[in-house]
Amino acid sequence: MAVAFSVDLVVLGGIFLLRRHRPDLHRPFRVPFFPWLPAVTVMLYALVLGTIVWTQPGFGVGAATMLGILWLAGWVTLRTSE
């Protein structure tokens, strides 16, 4: 679940980044109650993720390792597709 929460946090963070950096993009779906609902969701997800890591540090290290591998794979994929 830690990886799932982390991926969800990245997706939710992407909403804010896209709105800031590409405000002119066509958006077929509008996020309800933007920016409040996504911001509250990010805070709650971060709280749950922090609780998981705080109560199970070994699990947190494993989850961080998996996230690092996923990040590295995405970075390599992005670099080779250019």
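As the structure is a prediction and not an experimental result, all values here were calculated from the model. (Residues numbered from 1 in each chain as written. Predicted model: local features only at pLDDT ≥ 70, side-chain atom pairs only at ≥ 80, totals over all residues. Heavy atoms only, no water.)

### A few points about the side chain of Ser6
Locating Ser6 in the fold gives a position in helix H1 (residues 2-21). Take Ser6: its relative accessible area is 10%, and that puts it in the buried class. In this structure, Ser6 is in contact with Leu49 and Leu67, ignoring residues within four places of it in sequence. (Helix = DSSP H or I, 4+ residues; strand = E, 2+ residues; numbered from the N terminus. Buried < 20%, exposed > 50% of the residue type's maximum accessible area, 1.4 Å probe, protein only. Contact = heavy atoms within 4.5 Å.)

### Looking at a nonpolar patch on the surface
Nonpolar side chains collect at one region of the surface, where Val40, Met43, Leu44 and Leu47 lie side by side and expose about 400 Å² of accessible area between them. With respect to the secondary-structure elements, Val40 resides in helix H2 (residues 36-55). Residue class for Val40 comes out partly exposed when judged on its relative accessible area of 39%. (Patch = residues over 30% accessible without salt bridge, like charges linked within 9 Å, V, L, I, M, F, W, Y side chains within 5 Å. Areas by Shrake-Rupley, 256 points an atom, 1.4 Å probe, with all protein chains shown as cover. Salt bridge = Lys/Arg side-chain N within 4 Å of Asp/Glu carboxyl O.)

### Some points on the packing of H1 against H2
Taken N-terminus to C-terminus, the directions of H1 and H2 make an angle of 155 degrees; their axes are 10 Å apart at the nearest point. Comparing their axes, H2 and H1 come out roughly antiparallel. Like other packed secondary-structure pairs, H1 and H2 cross with a definite hand, here left-handed. Contacts between H1 and H2 involve Ala2, Phe5, Ser6, Asp8, Leu9, Leu12 and Phe16 on the former and, on the latter, Pro38, Ala39, Thr41, Val42, Tyr45, Ala46, Val48, Leu49 and Ile52. Among the residues making up the contact of H1 with H2, the classes are represented as 13 nonpolar, two polar and one charged. (Axes fitted to C-alpha atoms, helices over the stretch in contact; angles between N-to-C directions. Parallel < 35°, antiparallel > 145°, perpendicular 65-115°, else oblique. Left-handed = near helix turned anticlockwise from the far one by under 90°. Nonpolar A, V, L, I, M, F, W, Y, C, P; charged D, E, K, R; others polar.)

### Details of the environment of Tyr45
Here Tyr45 lies in helix H2. Classification of Tyr45 by relative accessible area gives partly exposed; the value is 23%.

### A word on the packing of aromatic side chains
In total, this model carries three aromatic pairs according to the counting rule given. Ring geometry for Phe5 against Tyr45: centres 4.8 Å apart, planes inclined by 85 degrees, an arrangement best described as edge-to-face. Within this pair, whereas Phe5 is found in helix H1, its partner Tyr45 is found in helix H2, the two being separated by 40 residues in sequence. Residue Phe5 is classed as buried on the basis of its relative accessible area, which comes to 16%. (Phe/Tyr/Trp six-rings, centres within 6.5 Å; stacked < 30°, edge-to-face > 60°.)

### Remarks on the pattern of salt bridges
Under the defined criterion, the tally for this structure stands at one salt bridge. In this structure, Arg22 engages Asp24 in a salt bridge whose closest nitrogen and oxygen atoms are separated by 3.9 Å. What makes Arg22 partly exposed here is its relative accessible area of 41%. Residue classification places Asp24 among the exposed positions, given a relative accessible area of 62%.

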